[in-house]
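Structure at a glance
Residue strings, one per chain:
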Amino acid sequence: MSIAKAARAHKRQLGQFLTPSALAAQLIASLELTIHDRVLEPSMGDGAFILPLIEKFMALYDGPMTERLAQVLQRNVYGVELDATLYARCLEAIRRRWDALPAQHNLVRGDFFRHHFAARNGDSSAPAFTIIVGNPPFGGAFDPALQDDLDRVYGFRNGAKIKKETYAFFIVKSLDLLAPGGRLRFICSDTFLTINTMRGLRRYLMQQGEVSIRTLGEFSDETNHPMVVLDFVKSGAAEAITVDGVRTPRSQIELTANFSWRIAADLARYFAGPRLGDFMIASSGMTVGRNAYFVRKIEDGKIVEPYRFEFFDDPITLEQEVKRARLGRLSPRQVEKIRRLEAAGATRRNVRIVARSQPLTLAAPHPDYCYYNKGAPTIVYAPPTHVIYWKDEGDAVLTFKKNGNWYLHGVGGQPYFKREGLTWQLIARRLYTRYLPPGYILDSGAPCAFLRPGVAPDELYFILGWTLTRLCNRLLKEVINHTRNIQSKDFERLPYPWWVAAPDKAVAIAHVKQMVVAAQQGERFTPESQEIAVLEGYFSHTINAPATHVGGGA
Ligand SMILES: C[S@@+](CC[C@H](N)C(=O)[O-])C[C@H]1O[C@@H](n2cnc3c(N)ncnc32)[C@H](O)[C@@H]1O
């Protein structure tokens, strides 16, 4: 690896996006400090927050500068940083700025998750900080030796899961360290306002105090990821949050299945009825592990197969099993069992992928292959573009996965393989939803949804039409998940258009059916097509009129 690449990997691993000093200074300037405050910066980097903090505290003391500096660093300012270079840069910046660095201070080089803060004045109770500020690592990696332990300590609060993400665990540990009435002010990724995996963190924050969020127009050149300032006061359970000056009551937040902090008052009403998940069950697809072995593009109606697949009995060895295990770890019991199997010469069925001297050319469709549902930015319907080698119900693919690393063992979406449904592209700025005919094997890049038992078949077309509207996409990207991923559960959390009156619903279904047939005959639709504009009218809001809720029963 080149030095630049290694440096980039190191930065990514530690979630290092340093705060521009003007922004950090601004966030410190508006804090009200007294000499009794104890302020922590748990991932201080090269000191963007630490320097203005010291400066502000020093103004509260009298006496010679070096004495004031020592007092501040011994009584008021605490910091932790994992990266030795940034830590040294932080200390150097203090030395340069004040021409001194007291021998005793509370700026520690270490891992925030391993660091235990000593109690003050011999007090054995948990030391509390009155203020915690900073910009915790975003998307950073955890020390593998600590991962599972951290999950046990910080991974659950109030009966809800806290996502194993560095900034989420930084927030949870910081809340533990914060004194009652204390303030936490963090720069964070804006993803935590809506994504479902951060739901537990949002609940926990509201259970602990008052939350106020401010969107940062611009953060820094280092990342174009949208960031926010989370301002939190540990004042006990709160009934509302404030986002960019607007108060949102908990009752509105609770309407959304993801406990969204981006539920605007004009959107809340759509969530007052059933969800798509009441009508359809959505699922992600499968990760093959090595598409090149099994997935082929259909070109001119032909499949070109460069490989043969040979099954064989592979001896079980401890070395191999350790390589496949999660984090390379096996329990003593598993190790003992594998040793026994190895000694007995046990084997596992495996598959070998052998290059053919001459690739085979086959006509598609072919009985040894199934259509493979890859994600694509197309709506309504798209002809199949890929196939997967699926002889004997995917024996070769499933055997390959079973013998691969632990994360390949599950077969995502398997119960739904070959079923008729809807599908969309996983990573997209909007829903590219299309009709999925029966017979496909499902890829992880294109989640799918299938009617629940007993739901009328026409609901598939009604829901397809709804997901193509601007309103539905607004609800998805503003309230449910504003990242670029559209997971299966995000789809289930969308409101079902319960407000559409029966006659409009019937017309909408007929319209979408016609579009699907036209697309199967070669017509291409885009979100800008006139036919989609027509759809908007059927789903436009008529909540104030008596809404006929045409239910999902067949
Ligand atoms: C987003 S940067 C922000 C740094 C600094 N607070 C600022 O605003 O400029 C996150 C910092 O966390 C540090 N870091 C990552 N994991 C850490 C850990 N477990 N304990 C302490 N610091 C950590 C990184 O090295 C990096 O300096």
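The coordinates are above.
Residues numbered from 1 in each chain as written. Predicted model: local features only at pLDDT ≥ 70, side-chain atom pairs only at ≥ 80, totals over all residues.

So, about the sheet that holds strand β2 (residues 77–81). Pairing in this open sheet of 9 strands is mixed, and the strands run β3-β2-β1-β4-β7-β9-β8-β10-β11 from one edge to the other. The open sheet terminates on both sides in strands that have one partner only, identified here as β3 (107–109) and β11 (246–249). Between one strand axis and the next, the sheet turns by 15° as a mean value, whatever way the strands run. Sheet topology places strand β4 (residues 129–134) next to strand β7 (residues 178–189); 5 bridges connect them, and they run parallel. In the sheet register, I131 faces β7, and the bridge partner there is R183. Of the strands in this sheet, β1 (39–41) and β2 touch helix α3 (residues 50–58), which is tilted by about 170° from β2. Running at roughly 165° to β7, helix α7 (residues 166–177) makes contact with β1, β4 and β7 of the sheet. (Pairing = 2+ DSSP bridges. Helix = DSSP H or I, 4+ residues; strand = E, 2+ residues; numbered from the N terminus. Axes fitted to C-alpha atoms, helices over the stretch in contact; angles between N-to-C directions. Contact = placed C-beta atoms within 7 Å.)

A few words now on the site of the ligand. Around the ligand, a shell composed of 25 residues is seen, among which T19, S43, G45, F112 and N135 lie nearest. Considered class by class, the residues forming the shell around the ligand number 14 nonpolar, 8 polar and 3 charged. (Near = placed C-beta within 6 Å. Nonpolar A, V, L, I, M, F, W, Y, C, P; charged D, E, K, R; others polar.)

What follows deals with the sheet that holds strand β21 (residues 448–451). Ordered in space as β12-β21-β18-β19, the 4 strands form an open sheet in which the pairing is antiparallel. At either margin of the open sheet sits one strand with a lone partner, and together these are β12 (280–283) and β19 (433–436). Taking each pair of neighbouring strands and ignoring which way they run, the sheet shows an average axis angle of 25°. In terms of strand pairing, β12 meets β21 through 4 bridges, oriented antiparallel. Bridged to S283 within β21 is C448.

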